[in-house]
Amino acid sequence: MVKIAPSILSADFANLEREIRRIETADYVHVDVMDGLFVPNISIGIPVVQCIRPVTALPLDVHLMIVEPIRYVERFCDAGADLVTVHVESDSEENLHGAIAKIHAKGKRSGVVLKPKTPAEAVLPYLKEVELILVMTVEPGFGGQSFMADQMDKVRAIRRLIDRHNPDCELEVDGGVGVDTCRTCIEAGANVLVAGSAVYKAEDIPGRIRALRGE
Ligand SMILES: O=C(CO)[C@H](O)[C@H](O)COP(=O)(O)O
Ligand SMILES: [Co+2]
C-alpha cells in the first residue's frame, strides 16, 4: 500500500496544531529540519518536534538536512521522532553508521537520504541496517520546486536492491510530488510519497491524499 507523508514545510507555522490535524488521514508527518549549512535554508528543529508530538498519533518522519547528524539524532528521538533520516552526503560513513546505531538504540526507525546527484550505490553500506531509503526528487532546501523525473532510474535501481537485500525496507521519494507525478514514483517502486505543497495547497486535503495514493 502507498503511504503519504505530508511535509509541514508548506504548512502555516503560526497554526501548526491545526495544520497537523488537517492531514490526519495521511500515514506520516514529514518534518524537514534544515541547518543553513548542509542546505542553504533554515527551517525548524527539536523544540518544534517536541511541540507537535502530543498533537498527533501519526508517526513523525524527521528528515535531517544538517551536517554531522550524529550530534543531534538522539535529541530528535527524545523529542518524539519515530523515524529519523540522515543524508549520506552529510558525514563520514563511520559517523553515519554511528548515527543509525544511536537512532536504533533509542528504539526508533532510521533511514538514509540521497541528494539528486548521489548514485544509487551510495545506499549499499547502509542498506541492510535501515528501515527506509529516501530519494530526493528536488535539490534539498526548499519546498515547492519542480519534480526531477530523471531520478526515477535511481528509484528503480534502489527498489531492486531493497527487494534483494532488505525487503521490509521502505522506499520514499521527496520533492515536487503531486497528482501529476505520484504515479511515476509508485510505478518506479516508491511506497512512501512526501508531498508538501501538493497537500497544503489543496482545497480538499483528504481528497488530495487519496489522489496521491492513487485511489
Ligand atoms: O525535503 C524537502 C525539501 O528539501 C521537502 O520535504 C520537500 O521539498 C517537500 O515539499 P514539496 O512537496 O513542496 O516539494
Ligand atoms: Co523532506
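Rules used in this analysis
Residues numbered from 1 in each chain as written. Chains lettered and ligands numbered in written order. Predicted model: local features only at pLDDT ≥ 70, side-chain atom pairs only at ≥ 80, totals over all residues. UniProt positions renumbered as here; feature names shortened; annotations may be inferred. Helix = DSSP H or I, 4+ residues; strand = E, 2+ residues; numbered from the N terminus. Near = placed C-beta within 6 Å. Nonpolar A, V, L, I, M, F, W, Y, C, P; charged D, E, K, R; others polar. pLDDT = per-residue confidence, 0-100. Contact = placed C-beta atoms within 7 Å. Buried ≥ 20, exposed ≤ 12 C-beta atoms within 10 Å, placed from the backbone. Expected span 1.5 Å × (residues − 1). Arc of directions from axis to C-beta.

By the naming in an unreviewed UniProt entry, the protein is Ribulose-phosphate 3-epimerase, taken from Oscillibacter hominis. What UniProt states about the protein under its Sequence similarities (unreviewed entry) heading is, verbatim, "Belongs to the ribulose-phosphate 3-epimerase family." In UniProt, the protein has this text filed under Pathway (unreviewed entry): "Carbohydrate degradation."

A. Up close: unusual backbone geometry. Even without being a glycine, Glu68 presents a positive backbone phi close to 50°. Here Glu68 is to be found in the loop between β3 (60-65) and α3 (73-79).

B. Just the site of ligand 1, in detail. Around ligand 1, a shell composed of 22 residues is seen, among which Ser7, Pro140, Gly143, Gly196 and Ser197 lie nearest. Among the residues forming the shell around ligand 1, the class breakdown is eight nonpolar, 12 polar and two charged.

C. Layout of the confidence of the model for the protein. Looking at the protein as a whole, the pLDDT averages 98, with 100% of positions reaching at least 70. In the predicted assembly, ipTM is 0.98 and pTM is 0.98.

D. Structural detail: the UniProt feature "binding site: a divalent metal cation" (unreviewed entry) in the protein. The feature "binding site: a divalent metal cation" (unreviewed entry), as annotated in UniProt, sits at His30, Asp32, His63 and Asp174 in this numbering. A stretch of 145 residues holds the annotated residues, and the largest C-alpha distance among them is 10.5 Å, short enough that they meet in one place. In this fold, His30 is placed in strand β2 (residues 29-34). For His30, the contacting residues outside a window of four places in its chain are Ala5, Pro6, Ser7, Ile8, Asp61, His63 and Val194. For Asp32, the position within the fold is in strand β2. You can call Asp32 buried: it has 24 C-beta atoms within 10 Å.

E. Representation of the environment of Leu64 in the model. Within the secondary structure, Leu64 is located in strand β3. Residue classification places Leu64 among the buried residues on the basis of 25 C-beta atoms within 10 Å. For the pair Leu64 and Asp12, spaced 52 residues apart in sequence, the C-alpha to C-alpha distance is 20 Å. Leaving out residues up to four positions away in the same chain, Leu64 has contacts with Val33, Pro69, Val84, Thr85 and Val86.

F. Representation of the UniProt feature "binding site: substrate" (unreviewed entry) in the protein. Those residues carrying the UniProt feature "binding site: substrate" (unreviewed entry) are Ser7, His63, Gly141, Phe142, Gly143, Gly144, Asp174, Gly175, Gly176, Gly196 and Ser197 in this numbering. Relative to the elements of secondary structure, Ser7 occurs in the loop between β1 (3-6) and α1 (16-21). The contacts of Ser7, once residues within four sequence positions are left out, are His30, Asp32, Gly143, Val194, Ala195 and Gly196. Along the chain, the position of Gly141 falls in the loop between β6 (132-136) and α5 (152-165).

G. Structural detail: helix α4 (residues 93-105). Across its 13 residues, α4 extends 18 Å between first and last C-alpha, which sits within 8% of the 18 Å expected from 1.5 Å per residue. Of all the positions in α4, only Leu96, Ala99, Ile100 and Ile103 are classed as buried. Looking straight down α4, one finds that the buried residues subtend no more than 95° of arc, so they occupy a single side. Away from its buried face, by an angle of more than 90 degrees, α4 presents the exposed residues Glu94 and Ala105. Where α4 is buried, its residues meet α3, β4 (83-87) and β5 (109-114). Of the residues trailing α4, Gly107 is marked for its positive phi of about 80°.

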